[in-house]
Amino acid sequence: MRFENILFFVLLIPVFTQAQTGNAVEDSSIIKVAGMTIHIPGDGKLTYNYGKKIGDDPIFKDSVKVETSVEYNFLDKKVPSNFEVKTIKAPKIKMTEPLEKIYKRFVAIGINDFKSAPLFELSHTTIRNRKYNAGFEIQHISQNQTVGSPINARYGNSNVALYGKKFYDKKTLYGSFDYDHNLVNFHGFNENQFLIYDEKSLNRGLGKFNIETGLKSNYKDERYWGYDVNINYDEFSMDEMSVVEHRVNLAANINKYSELKNYDWFKGVFNLDFEASYLNSGNPLNNHESALFSLFPAFDLKLQDVDLKIGVKTFYQTIDPRKFTANVFAEADFGFVKDVLHIFARFQNDYKRLSYLDYAYENPFVANYGDILTQRTPIDFMGGAKGAFSSKSSFNFGFRYRYHTKLPLFYNISNDGLNEFVIVADKVDHRQGFLEFIHEGKKLDLLAKAEYNVYDFYKYEAFHLPNIYVETRASYKLKDKFVVGVDLFFYGSQLALDSFDSGNKAITSTLNPIFDFNIDVRYNYSEKLGGFLKTNNILNTKHVRWDQYANYGINFLIGLDYNF
């Protein structure tokens, strides 16, 4: 259980006991715990207001199968309250209502195009166990549709996952196993470059195996050092083992709350993050082997109206010519208007080693002979404001500037018949404005995000990088049985590469903007049994996210699920 939750219940027990015994807290106090403002007046009554968590990106799934994110999140650190109450023995509490029923197992089945295997999901987990938690999940979904290409577009995903946690007095041991298999096909291939072709030879299989284990602390006393040590192994294969990658990550975090007795204002959390990553990657043209190390010491200072985090991000890679890089990290959050408006800013650097574990899940039609890229971002500045209109509505907006020494790009010049995408890299100045709005009510939930991007490249163009991106998710509850959801997605126009001229300058074409409109309906027949209907691209618009590869038109998924 998180420290903030424990603190919240510790505070509640004395208040309830005073109500039982007739004693009252001597002084009124206002404190903050885990995103809540708690007011305890002298008469022993307790009131609270829920705050809004702001800065987390909403999660959407849409038919174009593209995921983008704006990484502007701030992490809350545990800070103990100085509020003290009299020690009173707690009375026994009688349960007036039974606990809500939680089911261990879930199964779902559905159909979409009547051409591919049906949707199937099955999961099982332990519940309300203080000693351990474990479970497994099995999922499969596939799709087959005519999209105007020489052959039908195909997609399939199968996943098997096992996970578990073992709880000890002061620590938790955790682990997981996951295997994910994806199937796509090169339905946008150039038919004129093939005398004959076999559809099976145009399939692409992506397999990813992951195993993870770790140990983290559960100390309630801030005098002790907290820790989390994690080991992660990934194996990735593509095109019948033409590409094989092995990656091992060791990550560790230690943290401790600190304060100076002679300086009441100086208190906060010290964090030290360490990561070591080994990559072995092989494809038909390239072999890569390297180790990457990062060290990030930082102190999160908690002042009255300002949270200030200062640190240094350092990176070292064994085979890169620039073997060592370091830069200052600074992050500030100022409570301009308490509980209503915060102003934030962050300056940092970043260093990423990109491989097919990253490429293939962003663009499944990437060629299998690309290079391993080291993406450096020596300048990453972000600033903006976040706040709440009410206890149910919050917002987040700002500006971000990044300078990348190597930003990966995908372009397709139809030179290999399959219309695969080549990976290149370029220096780029990236300026971005972003806006996010969240509303969570009893009936209506609304999530909206918008981005506007400007890219200045040194050598190439902004291939397949839309300048405008908007996504909205609305969900409305009709009584207790029906839930209706609507998704809207908009991608601005994008550039694709046609060819190069005699001076090696890119000749581009423009892909039309994408507007995608999805509707889903859920009907809860009972606590156990429910039905769902999901429709994607309901306007049946013809759009292309990756050059030569048309996305699915209108499609649906209908099915039933059952808890037991």
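Everything numeric here is computed off the predicted structure, so don't read it as measured data.

Participant: How would you sum up the overall build of the protein chain? Please name residues and give values.
Facilitator: Check the secondary structure of the protein chain and you find 2 helices and 29 strands. Entry remark: accessible area of the protein chain is about 31,100 Å², with carbon and sulfur atoms responsible for 57%.

Participant: An account of the nonpolar core is needed here, citing residue identities and associated values.
Facilitator: One finds Phe 236, Met 238, Tyr 356, Tyr 359, Phe 410 and Ile 423 to be the most contacted residues of the largest nonpolar core, which totals 18 residues. Contributing elements (two or more residues each) for this core: β10 (226-238) and α2 (356-362). Broken down by element, this core gets its largest block of residues, 4 residues, from α2. The next biggest cluster of nonpolar side chains, apart from the first, holds 12 residues, and it includes Leu 407, Leu 409, Tyr 411 and Ala 506.

Participant: Which residues make up the environment of Asn 419, and what values go with them?
Facilitator: Structurally, Asn 419 is set in the loop between β18 (393-411) and β19 (422-440). Apart from the residues lying within four places of it in its own chain, the contact partners of Asn 419 are Gly 188, Phe 189, Asn 190, Asn 412, Ser 414, Gln 548 and Tyr 549. Among the polar contacts made by the side chain of Asn 419, one reaches the main-chain carbonyl oxygen of Gly 188 at a distance of 2.5 Å.

Participant: Mind laying out the side chain of Gln 494, listing which residues take part and the relevant values?
Facilitator: You can see Gln 494 is positioned in strand β23 (residues 494-500). The class for Gln 494 is buried, based on a relative accessible area of 1%. There is a polar contact of 2.6 Å between the side chain of Gln 494 and the side chain of Arg 545. For Gln 494, the residues in contact, after removing those within four places along its chain, are His 464, Leu 465, Pro 466, Ser 509, Thr 510, Leu 511, Ile 514, Val 544 and Arg 545.

Participant: Could you give an account of the packing of aromatic side chains, naming the residues involved and the relevant values?
Facilitator: Here a ring pair, both rings aromatic, is described through the centre-centre distance and the interplanar angle of the planes. Considering all chains together, one arrives at 30 aromatic pairs under this definition. An angle of 15° between the planes, with centres 5.4 Å apart, marks the rings of Phe 315 and Tyr 351 as stacked. Highlighted residues: Phe 315 in strand β14 (residues 306-317) and Tyr 351 in strand β16 (residues 341-354), separated in sequence by 36 residues. The residues Phe 315 and Tyr 351 share a single accessibility class, namely buried.

Participant: Describe the environment of Phe 437, with residues and values.
Facilitator: Within the fold, Phe 437 resides in strand β19. Taking the C-alpha atoms as reference points, Phe 437 and Ser 393, separated by 44 residues in sequence, lie 7.5 Å from one another. Apart from residues no more than four positions distant in its own chain, Phe 437 is found in contact with Phe 389, Ser 393, Ser 394, Phe 395, Leu 446, Leu 447 and Ala 448.

Participant: Residues and numbers for unusual backbone geometry, please.
Facilitator: Phi is positive for Asp 239, close to 55°, though the residue is something other than glycine. Examined against the element boundaries, Asp 239 turns out to sit in the loop between β10 and β11 (243-260). Of note, Asn 419 is a non-glycine position whose phi angle comes to about 60°, a positive value. Under the relative-accessibility criterion, Asn 419 is labelled buried at 2%.

Participant: Any details on the pattern of salt bridges? Residues and values, ideally.
Facilitator: According to the stated counting rule, one finds 13 salt bridges in the structure shown. In this structure, the salt-bridge partner of Arg 247 is Asp 234, at a minimum N-O distance of 3.7 Å. One end of the pair, Arg 247, is in strand β11; the other, Asp 234, is in strand β10, with 13 residues separating them in the sequence. You can call Asp 234 buried: its relative accessible area is 5%.

Participant: Pulling in residues and values, what's your account of the confidence of the model for the protein chain?
Facilitator: Across the protein chain, the average pLDDT comes to 83, with 82% of residues at 70 or higher. Of all the helices and strands in the protein chain, strand β3 (residues 47-50) carries the lowest mean pLDDT, 38, while β10 carries the highest, 97. The model gives residues 1-29 a pLDDT under 50, and that stretch makes 54 contacts with residues more than four places away or in other chains. Considering only residues more than four positions removed or in separate chains, one finds that residues 31-97, a stretch of pLDDT under 50, has 175 contacts.

Participant: How would you summarise the pairing of β16 if you had to cite specific residues and measurements?
Facilitator: Here 6 bridges tie strand β15 (residues 324-337) to β16, and the two strands are oriented antiparallel to one another. In the strand pairing of β16, Ala 330 is matched with Phe 347. Here β15 hands over to β16 after 3 residues, with Asp 339 in that stretch at a positive phi of 65°. Both β16 and strand β17 (residues 373-388) contribute to a ladder of 13 bridges, which runs antiparallel. The partner of Ala 345 across the bridge, within β17, is Gly 383.

Participant: Residues and numbers for the pairing of strand β22 (residues 482-491), please.
Facilitator: Bridge count between strand β21 (residues 468-478) and β22: 10 bridges; the pairing is antiparallel. Each bridged residue has a counterpart across the sheet, and for Tyr 476 the counterpart in β22 is Val 484. If you look at the hairpin formed by β21 and β22, you'll find 3 residues sitting between the two strands, and Lys 479 has a positive phi there, around 55°. By the bridge criterion, 10 bridges tie β22 to strand β25 (residues 514-524) in an arrangement that is antiparallel. Looking at β25, one finds that Phe 482 is bridged to Tyr 523.

Reading the values: the criteria
- Residues numbered from 1 in each chain as written.
- Predicted model: local features only at pLDDT ≥ 70, side-chain atom pairs only at ≥ 80, totals over all residues.
- Heavy atoms only, no water.
- Helix = DSSP H or I, 4+ residues; strand = E, 2+ residues; numbered from the N terminus.
- Areas by Shrake-Rupley, 256 points an atom, 1.4 Å probe, with all protein chains shown as cover.
- Core = buried A, V, L, I, M, F, W, Y, C linked by side-chain atoms within 4.5 Å.
- Buried < 20%, exposed > 50% of the residue type's maximum accessible area, 1.4 Å probe, protein only.
- Contact = heavy atoms within 4.5 Å.
- Polar contact = N/O pair within 3.5 Å; in protein donor to acceptor, adjacent residues only side chain to side chain.
- Phe/Tyr/Trp six-rings, centres within 6.5 Å; stacked < 30°, edge-to-face > 60°.
- Salt bridge = Lys/Arg side-chain N within 4 Å of Asp/Glu carboxyl O.
- pLDDT = per-residue confidence, 0-100.
- Pairing = 2+ DSSP bridges.

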